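Residue-level listing of the chains:
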Amino acid sequence: MLNAKTVLLVHPLGYQADAAGRDISRLANIMPPLGLASIAAYLERLGVVVHIVDCYAHPQSDRIILDLLRSERPAMIGFSCTTSSFLDGVRLATMARQELPRIRTVFGGPHVSALKEKILRDFPVVDFIVAGEGEETFHELIMAEGEGSVSIPGLVYREPDDEIVFSGYREKGIVLDSLPFPAYEKLAGYPDVYRLPIFNYPRVPNTSCISSRGCPYSCSYCDRSVFRSSFRYNSAEYLYAHLSYLKERFGIRHVNFYDDQFTFNRDRVESFCRLMSDKPLGMTFNCAVRAEHIDPDLLQQMKGAGCWMASLGIETGDPELLAQHRQNADLEMLAAKLRMIKGAGIRTKGLLMMGLPGESEASIRRSMEYVFSLPIDDFNLAKFTPFPGAPLYQTIRDKGVFEEDWAKMDCMHFQFIPQGMNREQLEKLFTEFYKRHFMRPQVLLGYLAMLWRSPDSWRRFVLNLGDFLRFARGSRRIADPGGNADVRSDCRL
Ligand code: B12
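Residues numbered from 1 in each chain as written. Predicted model: local features only at pLDDT ≥ 70, side-chain atom pairs only at ≥ 80, totals over all residues. Heavy atoms only, no water.

Trainee: How should the nonpolar core be read in this particular structure?
Mentor: It is characteristic of soluble globular proteins that their nonpolar side chains tend to be buried jointly. Among the nonpolar cores identified, the biggest contains 93 residues, and Phe138 and Phe257 are the most heavily contacted of them. Lining this core are residues from two domains, each supplying at least three of them: domain 1 (3-166) and domain 2 (195-475). With 48 residues, the next largest nonpolar core counts Ile65, Cys219, Met353 and Phe384 among its residues. (Core = buried A, V, L, I, M, F, W, Y, C linked by side-chain atoms within 4.5 Å. Buried < 20%, exposed > 50% of the residue type's maximum accessible area, 1.4 Å probe, protein only. Domains from an automatic or database assignment.)

Shown next as structure tokens:
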């Protein structure tokens, strides 16, 4: 007998666990799976017993999962997957099915939310997909004892005759202030096993946090299959209470907001900043901002409330390419906004992409010159990847060569080669971009200043110096010399 009211939630790793021990991206950053932690808190409040295994934080996770399957005998196992981690989720689902043949497997997250029925058609081990926001749909499925039906919105399931049905999206998104705080306590080792990208925080312990869902913009490369174009957010009061909880319960001193649009609602940010200034928590924070939604006054308030770093999406410094992929493509405006952030005394991080359709050596060189002319303290250069949920995916094969190998679609491999370019050329320019950035005196001085601005980053850097140097010399993913992990892999934020 399986326990109908017990579920195991898993955050798959995306590559073999035994190869992961010394992977450079694991040294650089590991973040808590906030979606799973949110579902866990929601379900527990409604009487479901939940266990979470985060394979990123625990390389020996296969063994942990098997032990939990044997001791807890959950009726359902749920996996949270991006495109690159989906096949690892399938491997773990197969392992769970071998251990407990009657267990029901449920997948959620961006990859399955984008592909829906196709996943059930091609992967018999997947019983259900929860497309979009997971809390309510998953709860309703548990209450129905794993019987899918059209009356559970947000679900993709098989009818008894094997017909695959998508019940349609939920009509309304959940009210975010009604959710309990994510069940961080269910993440073994939290907060110590989690770490923000190196040089991206002033102190430890730190964590990431989400205070809104969705983004109203529609950029060509962005996968918005989970929250689509809705934008919902926690009130300033809820957010302040969330941070107080993180401080009191876990001693957190710095938070990285992973919201797509932290400053989209100006009133909310102003109220939050007022609370943080009037009743200081002794915490600092980072956030991502969109250039259209900041101004000097707001940035001053954010600085006063503890904002340490703000990331800004630039994407490319080539005006023509930018115009193809971003609304309001104005490089001068972006540069002015970066200066504004810097002027407010907030560290700046630029987010860029290389290899978009239409890219050429000339456009990459223009990007370099643009970036090097800006007061950027840090930057992240992602290898453009056409995800199934992104608008570009539909026509990508008309624009170059696309090798759709999901396991490698992690923004650290060039799976798409734009017309007129080749892989070697892209790799060479990618390395040159980083090297030239890091060789600039003001950037080197900035890292030196990190000795007192982020002493823990330097400690991590020195402790893993050998691995970082091997990476810099070009061995890429340390545990897998054929691989191509990026030490700066921090999901564009
Ligand atoms: C924070 C973040 C990260 C963090 C941490 C991720 C983590 N530990 O979970 C870091 C920086 C490490 C990261 C890395 C990467 N990320 Co990232 N990341 C995000 C970001 C900004 C927020 C994720 C989040 O916490 N959302 C809030 C929670 C509440 O939502 P959620 O996780 O989607 O979960 C909800 C639903 O999806 C659903 N659900 C999710 N899982 C499950 C499971 C079950 C069983 C059920 C029923 C439901 C369910 O219910 C949840 C609650 O409603 C998203 C964009 C976004 N706004 O969502 C990108 C995003 C998920 N990342 C993306 C990418 C591309 C990556 C990287 C490949 C890029 C890179 N090289 O840096 C890596 C891959 C990492 C991996 N695990 O595979 C893409 C994924 C696209 C895709 N199809 O794969 C996204 C969507 C950004 C984008 N718009 O393109 N990422």
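Trainee: Is there a simple way to think about the domain arrangement of the protein in this case?
Mentor: Quoted interface sizes are often the accessible area lost when the parts come together. Under the domain assignment used here, the protein contains domain 1 (3-166) and domain 2 (195-475). Taking only C-alpha atoms, the centre of domain 1 and the centre of domain 2 are 28 Å apart. Counting residues at the interface gives 26 residues for domain 1, matched by 28 residues for domain 2. In this structure, the salt-bridge partner of Arg213 is Glu133, at a minimum N-O distance of 2.6 Å. Where domain 1 packs against domain 2, one counts 6 residue pairs in polar contact (both at pLDDT 80 or more). Those elements that place two or more of their residues in the side of domain 1 that touches domain 2 are α1 (24-28), α2 (34-45), α4 (83-99) and α5 (110-115). Considering each element in turn, the side of domain 1 that touches domain 2 owes the most residues, 5 residues, to α5. Across the side of domain 1 that touches domain 2, the residue classes break down as 14 nonpolar, 8 polar and 4 charged. (Contact = heavy atoms within 4.5 Å. Salt bridge = Lys/Arg side-chain N within 4 Å of Asp/Glu carboxyl O. Polar contact = N/O pair within 3.5 Å; in protein donor to acceptor, adjacent residues only side chain to side chain. Helix = DSSP H or I, 4+ residues; strand = E, 2+ residues; numbered from the N terminus. Nonpolar A, V, L, I, M, F, W, Y, C, P; charged D, E, K, R; others polar.)

Trainee: When you look at the sheet that holds strand β13 (residues 307-315) in this model, what are you seeing that I'm missing?
Mentor: Hydrogen bonds between backbone groups are what pair the strands of a sheet, and the pairing can be parallel or antiparallel. In spatial order, the strands read β8-β11-β12-β13-β14-β15; together these 6 strands make up an open sheet with parallel pairing. Bordering the open sheet on either side are β8 (206-209) and β15 (378-383), each of which pairs with just one other strand. Each strand of the sheet is rotated relative to its neighbour by a mean of 20°, with strand direction disregarded. Here β8 pairs with strand β11 (residues 254-257) via 4 bridges, running parallel. Residue pairing across strands places Ser208 opposite Asn256, the latter belonging to β11. Where helix α10 (residues 296-305) meets the sheet, it contacts β12 (284-289) and β13, and its direction lies at approximately 150° from that of β12. (Pairing = 2+ DSSP bridges. Axes fitted to C-alpha atoms, helices over the stretch in contact; angles between N-to-C directions.)

Trainee: Would you explain the confidence of the model for the protein in this entry?
Mentor: Reading predicted coordinates in detail is not appropriate for stretches of low pLDDT. Here the protein averages 91 in pLDDT, while 92% of its residues score no lower than 70. Within the model, pLDDT remains below 50 along residues 475-490, and this stretch shows 58 contacts once partners closer than five positions in the same chain are excluded. (pLDDT = per-residue confidence, 0-100.)

Trainee: Before we go on, may I ask you to explain the packing of helix α8 (residues 236-250) against helix α9 (residues 266-278) in this structure?
Mentor: Helix packing for two helices is described by the angle between their axes and how far apart those axes are. As a packed pair, α8 and α9 sit with axes 8 Å apart at the nearest point and diverge in direction by 40°. In terms of axis orientation, α8 runs oblique to α9. By crossing handedness, the relation of α8 to α9 is classed as right-handed. Contacts from Ala236, Glu237, Leu239, Tyr240 and Leu243 in α8 reach Arg268, Ser271, Phe272, Leu275 and Met276 in α9. By residue class, the composition of the contact of α8 with α9 is 7 nonpolar, 1 polar and 2 charged. (Parallel < 35°, antiparallel > 145°, perpendicular 65-115°, else oblique. Left-handed = near helix turned anticlockwise from the far one by under 90°.)

Trainee: Could you clarify how one ought to interpret helix α15 (residues 441-453) in this entry?
Mentor: Each α-helix winds once per 3.6 residues, and so residues spaced three or four apart point in a common direction. Over its 13 residues, α15 runs 18 Å from end to end, which matches the ideal 18 Å to within 8%, given 1.5 Å per residue. Those residues of α15 that are buried lie in contact with β13, β14 (347-354), β15, α14 (423-438) and α16 (455-463). (Expected span 1.5 Å × (residues − 1).)

Trainee: Sorry, what's going on with the pattern of salt bridges here?
Mentor: Here the idea is simple: oppositely charged side chains can pair when their charged atoms come close. All told, the structure shown has 28 salt bridges when counted by the stated rule. In this structure, Glu432 and Arg365 form a salt bridge, with 2.7 Å as the shortest nitrogen-oxygen distance. Highlighted residues: Glu432 in helix α14 and Arg365 in helix α13 (residues 361-372), separated in sequence by 67 residues. The exposure class assigned to Glu432 is partly exposed, which follows from its relative accessible area of 24%.

Trainee: I tried to follow the side chain of Asp318 on my own but got confused; where do I start?
Mentor: Structurally, Asp318 can be placed in the loop between β13 and α11 (319-325). Exposure remark for Asp318: the relative accessible area of 4% places this residue in the buried category. Only 2.3 Å separates the side chain of Asp318 from the side chain of Arg366, close enough to count as a polar contact. Not counting chain neighbours up to four residues away, the residues in contact with Asp318 comprise Leu331, Ser363, Arg366 and Ser367.

Trainee: Got a minute to help me understand the sheet that holds strand β4 (residues 104-108) in this structure?
Mentor: The 7 strands are arranged β2-β1-β3-β4-β5-β6-β7 in an open sheet whose pairing can be described as mixed. Each edge of the sheet is formed by a strand with only one pairing partner; in this case those strands are β2 (49-54) and β7 (164-166). For this sheet, the mean inter-axis angle between neighbouring strands, taken without regard to orientation, is 20°. Direction of pairing for strand β6 (residues 155-158) relative to β7: antiparallel, over a ladder of 3 bridges. Bridge assignment links Tyr157 to a residue of β7, and that residue is Val165. Against the sheet, α4 contacts β1 (3-11), β3 (74-80) and β4, and its axis sits at roughly 165° relative to β4.

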